[in-house]
Amino acid sequence: MLLNIDPKSVTPLYEQVIQQIKELCARGVLSPNEKLPSVRELSAQMLINPNTVSKAYRELERQGVIVSIHGRGTFISEDFISEQTPAQREKIKNELKQLVIDSYYAGVQKETLFSWLEDFYEEIGGEDDES
Amino acid sequence: MMKVERITKVVQKETILNDINFNVELGHIIGVVGRNGVGKTTLLRTMVGILLPTNGDVMIDEASIFKQPAKKQDVMFVPDSPEALKQYSTNEIVRIYEATYHRFDRNYFYELMERFSLPTVKKITHYSKGMKALFSLILAFSTRAKYILLDEPTDGLDVIVKKQILQFLIEEVADGDVSIIISSHRLDELEFMCDEIILMKDGSIESHYELAEMKTMYKKVQVVFEKEMPADVTKHVNILNQTGRVYTLIIDQSDEEAEQVIANHQPVLFEELPISLEDLFVTKLGGDSDVS
Amino acid sequence: MFHKALWLWNWKQTRIMLGIMFVVLFMSFPFYALVSMEGWRDRIERIDRYTIADITARDIYNVFVNPGSGVFMVFVLVILAGMMIGLERNTRKHDFLLSWPFHRRDIFFSKWLMGTLAIITFFVFNVGLAYIIVSNSEFAPILNDIQMTSDLIVRLIGFILFFTFALLIGTIAGEMISQVILTLIFSVLPFGLIILIDEGLRIHTSTTTSNLINYYEWISYITLPYYMVLERPYQSDLSMYEPFILETFIVITGTVIFLILGMFLYERNKVEHNGEFLIFKLLQPVLNTGIVVCFGLLGGMFIRSFIPFQLSNGSLFGIFLYWIGFNLFAFFAYLLVRRLQRMNITLKSKT
């Protein structure tokens, strides 16, 4: 498994790891019940701090995206999408709001944003009405 | 926990280290970053008792390493080359380390030697530079010391060995109860490895960040004003770079007014840029980006 | 206090020098005994059969107690101590050693103990071997007449004293060469200084005899190599001669003081000055002054020696020459001192 970490991104590293894994799940690259690399393997492979990876894993587990089974390793959970909490939805909403504000100041049109949204959903194979 | 308590080192009336104060938690990687000659090596050598501090102390589990040197069972200093042992054979070194460090793990040592395909030799001068660097690390981790101090561990090594070494370090920390304090003038390597970064300038700690919070503390923006940059803005920001009317700025997020002041002047362009550790390095430590 | 690791370390560091020490002592005792006996036999054969009495107790005594081994041992011991401390300072070995989980005083003590045990073992072994060789020869009857145990004991503890002193100097000298030079200078300083001062005084007065001659004996006792080279006019009836107690007392006291002081100073070792002339910078002005003055005294004596002193003691010309020499040498010593103050000999790796 290879994650694309952007060193220059403003997004904190552990959030990038979370996002990337979620994205890989959403795109079907990682399928339910698939075994993830251990914290040790992933951090060594990507040369990032193991505590960062384990923080990301903890967060992913809390969100229900992955489950770790003691002694066996970490796996993608079977139904990660449905287990989102209201707080997460609120967070996504806020982030989107921030993004819209930034877009507005950057001169990105509302229509353009919509078309991007559609493109992204197409990319990950989701459904339009899941917002 | 290892505590560096207000270390000051004065040599010939010159202050080399000034009131250095920080803690090392188990399982953490701490990067000590600064330009050459800023006291990084002096700091590491003091932390293992080679140098005696003029003031201050180094504590391991609440005991001073200077008063109770036996505490140094838990600290290993890995200099940039294993020159002290150059006349020794691999087996002699194992013998002497076993005699020195109670927890030296001979099996683990040979396991690692095999993993990195290091042959046993009659004199370790027969190793290449990269092999010497790897060998020093293998030795250090085989002592099962809790705190490993590394002085420029990848300096002058080729990319492949460098990657091997960094991976090895990360695995060691991921595996268990070991902390690494690593000095470097190479930020790009350390940036994502470390839990904390200690930025040194003129023998003092200029800044001390936790990796996770570092990027949220500062913001890098590109700004263009109608005319020159207004004077009241200058007070709130660090100018990283100026090309014509285009300014690249670092804004301290704790300064709540900063962005407001900029907005008041209605910039033609205000754009947030990705920030790297190097940007902070340059802002904090001054000078150009040539940190080596 | 007795860490196995330090033994392994010290052994590896010094085994060549320990080997040399063994060889030197072997040459000085068993080998010298064999060679001497050959010589005696030669002597007897050349004269005639019944002059065995020609070989006296004095000859045998000289096999065991002679200044030769002492002179060699001065160099062996100073280099041994230099390798134990000074050489480590020149390389990164010192750093490495101090990072170990041991008290610094234990590190110093382990070096002292290793050297001291080697001195005792090698000395006893080689003297014993020489004794066995002689006692199994036709000269054995004479051997029984000799009392030399006390002289040999003084010599043995004299070696230990000098070695301890050389280690002590290692704690204040910044590297090996300065440790060796300072040890040699300081160890003969009491005697050397009195000669220089004595000469100086003589030139300014019209006397031809020494003013300080009465102090010579006393000064010998605090000049360390004295114990390594002393030789007495042999008296067969004197089993326990008088100075033995005093000498043993001085040597043992000196050894203990130097050892404790060395452990104390090594504990406060300022590694940042490794490779420089001195570790403790407070001593620098004292040493500088000392060097300049001593060189001045030496220079005065040297220049002044070009004219016969019987003619000129107390003469203005003699005094004038003396002071020219003094100032000239002092000036050069001053230049030397400035150079020493800036020096730094640290061997870096080639890679």
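Residues numbered from 1 in each chain as written. Chains lettered and ligands numbered in written order. Predicted model: local features only at pLDDT ≥ 70, side-chain atom pairs only at ≥ 80, totals over all residues. Heavy atoms only, no water.

As annotated in an unreviewed UniProt entry, chain C carries the name ABC-2 type transport system permease protein and is attributed to Texcoconibacillus texcoconensis.

As annotated in an unreviewed UniProt entry, chain A is GntR family transcriptional regulator from Texcoconibacillus texcoconensis.

### Looking at the overall build of chain C
Each helix and strand in chain C was counted, giving 14 helices and 0 strands. Counting only residues that meet the buried cut, chain C has 53% of its 351 residues in that class. For chain C, long-range pairs separated by at least 24 residues make up 82% of all intrachain contacts whose partners lie at least 6 apart in sequence. If you sum the accessible surface of chain C, you get close to 16,800 Å²; carbon and sulfur atoms cover 71% of it. (Helix = DSSP H or I, 4+ residues; strand = E, 2+ residues; numbered from the N terminus. Buried < 20%, exposed > 50% of the residue type's maximum accessible area, 1.4 Å probe, protein only. Contact = heavy atoms within 4.5 Å. Areas by Shrake-Rupley, 256 points an atom, 1.4 Å probe, with all protein chains shown as cover.)

### A few points about the packing of aromatic side chains
Taken as a whole and judged by the stated rule, the model has 31 aromatic pairs over all chains. When the centroid spacing of 5.1 Å and the interplanar angle of 70 degrees are considered together, the rings of F116(B) and F168(B) count as edge-to-face. Separated by 52 residues along the polypeptide, F116(B) in the loop between α3 (106-115) and α4 (129-142) and F168(B) in helix α5 (residues 159-175) bring together distant segments of the chain. Comparing F116(B) with F168(B) shows no difference in burial state: the two are buried. On the numbers, 5.3 Å between centres and 75 degrees between planes, the contact of F141(B) with F168(B) is edge-to-face. Of this pair, F141(B) sits in helix α4 while F168(B) sits in helix α5, and the two are 27 residues apart along the sequence. Here F168(B) falls in the buried class, since its relative accessible area comes to 0%. Here a set of aromatic residues connected by ring pairs shows up, and it is made of Y88(B), Y97(B), Y101(B), F104(B), F109(B), Y110(B), Y127(B), F135(B), W9(C), F96(C), W100(C) and F102(C). (Phe/Tyr/Trp six-rings, centres within 6.5 Å; stacked < 30°, edge-to-face > 60°.)

### Topic: the interface of chain B and chain A
Taken together, the 26 residues of chain B in the interface contact 17 residues of chain A. Across the interface of chain B and chain A, roughly 1,700 Å² is buried in total on both sides, 61% from carbon and sulfur atoms. Measuring nitrogen to oxygen at the nearest pair gives 3.6 Å for the salt bridge that ties R40(A) to E171(B). Seen at the junction of chain B and chain A, the total is 7 residue pairs in polar contact (both at pLDDT 80 or more). Those elements that place two or more of their residues in the side of chain B that touches chain A are α5, α7 (211-217) and β14 (269-273) of chain B. With 8 residues, α5(B) is the single largest residue contributor to the side of chain B that touches chain A. Per-class residue counts for the side of chain B that touches chain A are 13 nonpolar, 5 polar and 8 charged. (Buried area = accessible area lost by both parts, 1.4 Å probe. Salt bridge = Lys/Arg side-chain N within 4 Å of Asp/Glu carboxyl O. Polar contact = N/O pair within 3.5 Å; in protein donor to acceptor, adjacent residues only side chain to side chain. Nonpolar A, V, L, I, M, F, W, Y, C, P; charged D, E, K, R; others polar.)

### Focus on the domain arrangement of chain A
Interface size, as often reported, equals the accessible area lost upon joining of the parts. What the domain assignment reports for chain A is domain 1 (13-76) and domain 2 (86-126). Here the C-alpha centre of domain 2 of chain A lies 24 Å away from the C-alpha centre of domain 1 of chain A. (Domains from an automatic or database assignment.)

### Overview of a nonpolar patch on the surface
Residues and elements named next belong to chain C. Side chains of V23, F26, M27, F31 and V35 sit close together on the surface and give an oily, nonpolar patch of about 410 Å² of accessible area. Among the secondary structure elements, F26 is positioned in helix α1 (residues 4-46). Given the relative accessible area of 31%, F26 is considered partly exposed. (Patch = residues over 30% accessible without salt bridge, like charges linked within 9 Å, V, L, I, M, F, W, Y side chains within 5 Å.)

### Looking at the pairing of strand β3 (residues 73-76) of chain A
Residue and element names in this part refer to chain A. Across 2 bridges, strand β1 (residues 35-36) lies against β3 in antiparallel orientation. Bridged to K35 within β3 is F75. Note: strand β2 (residues 66-69) against β3, 4 bridges, orientation antiparallel. The partner of I66 across the bridge, within β3, is I76. Taken together, β2 and the strand that follows it, β3, pair antiparallel across an intervening segment of 3 residues, in which G71 is found at a positive phi of about 85 degrees. (Pairing = 2+ DSSP bridges.)

### Remarks on a negative patch on the surface
Negative charge collects at one region of the surface, where E118(A), D119(A), E122(A) and E123(A) lie side by side. Looking at where E123(A) falls in the secondary structure, it is placed in helix α5 (residues 110-124). (Lys, Arg positive; Asp, Glu negative; His and termini not counted. Charge placed at Lys NZ, Arg CZ, Asp CG, Glu CD.)

### Regarding the environment of D105(B)
Residues and elements named next belong to chain B. Counting through the fold element by element, D105 comes out in the loop between α2 (90-100) and α3. Once residues lying within four places of it in the same chain are set aside, the contact partners of D105 are S142 and R144. A distance of 3.1 Å separates a polar atom in the side chain of D105 from a polar atom in the side chain of R144.

### Quick look at α4(B)
Residues and elements named next belong to chain B. The end-to-end C-alpha distance of α4 is 20 Å, a good match for the 20 Å that 14 residues give at a rise of 1.5 Å each. In terms of burial, α4 is a largely internal element, 12 of the 14 residues being buried. Among the residues making up α4, those that are buried are G130, K132, A133, L134, F135, S136, L137, I138, L139, A140, F141 and S142. Looking at the buried side of α4, the elements it contacts are β6 (75-78), α2, α3, β7 (147-151), α5 and β8 (179-184). Phi turns positive, to about 60 degrees, at R144, one or two residues after α4. (Expected span 1.5 Å × (residues − 1).)

### Overview of the interface of chain C and chain B
Residue-level contacts link 28 residues of chain C with 30 residues of chain B. Buried surface at the junction of chain C and chain B, both sides included, amounts to about 2,700 Å², of which 57% is carbon and sulfur. On the chain C side of the interface with chain B, the three residues burying the most area are K12(C), R92(C) and P101(C), jointly 23% of the side's total. At the surface where chain C touches chain B, the tally comes to 3 salt bridges. Note that K9(B) is salt-bridged to E272(C), the shortest N-O span being 2.7 Å. Here chain C is connected to chain B by 8 residue pairs in polar contact (both at pLDDT 80 or more). Within the residue set of the side of chain C that touches chain B, elements represented by two or more residues are α1 and α4 (93-98) of chain C.

### Some words on the sheet that holds strand β4 (residues 55-60) of chain B
Residue and element names in this part refer to chain B. Within the open sheet, the 4 strands sit side by side as β2-β1-β4-β5. Their pairing is antiparallel. Every other strand in the sheet has two partners, leaving β2 (14-24) and β5 (63-64) as the edge strands with one partner each. In this sheet, β4 lies alongside strand β1 (residues 2-11) in antiparallel orientation, the contact comprising 5 bridges. What sits directly across from K3, in β4, is M59. In the packing of helix α1 (residues 40-47) onto the sheet, contacts are made with β1, β2 and β4, and the angle to β2 comes to roughly 60 degrees. (Axes fitted to C-alpha atoms, helices over the stretch in contact; angles between N-to-C directions.)

### Regarding the UniProt feature "transmembrane region" (unreviewed entry) in chain C
Residues and elements named next belong to chain C. If you check UniProt for "transmembrane region" (unreviewed entry), the listed places come out as residues 16-35, 68-87, 108-133, 153-173, 180-197, 244-266, 286-307 and 319-337 in our numbering. Note that residues 108-133 is 100% helix and 0% strand, and that its end C-alpha atoms are spaced 37 Å apart. Annotated as 100% helix and 0% strand, the span residues 244-266 places its first and last C-alpha atoms 32 Å apart. (UniProt positions renumbered as here; feature names shortened; annotations may be inferred.)

### Remarks on the pairing of strand β10 (residues 204-210) of chain B
Residue and element names in this part refer to chain B. The sheet contact formed by strand β9 (residues 196-201) and β10 spans 6 bridges and is antiparallel. Bridging from a neighbouring strand, I197 pairs with Y209 of β10. Counting the residues in the hairpin turn of β9 and β10 gives 2 residues, including D202, whose phi is positive at 50 degrees.

### With respect to the sheet that holds β14(B)
All names here are of chain B. One open sheet accounts for 4 strands, arranged β12-β13-β11-β14; its pairing is antiparallel. In the strand order of this sheet, the two ends are held by β12 (237-243) and β14, each with one partner. Pairwise comparison of adjacent strand axes, ignoring direction, gives a mean angle of 25 degrees for this sheet. Across the sheet, helix α9 (residues 257-264) is in contact with β11 (218-224), β12, β13 (246-252) and β14; its angle to β13 comes to roughly 150 degrees.

### Here's the deal with the environment of L87(C)
Residues and elements named next belong to chain C. Among the secondary structure elements, L87 is positioned in helix α3 (residues 67-90). It is 32 Å that separates the C-alpha atoms of L87 and P30, two residues lying 57 residues apart in sequence. When neighbours within four sequence positions are excluded, L87 is seen to be in contact with G82 and M176.

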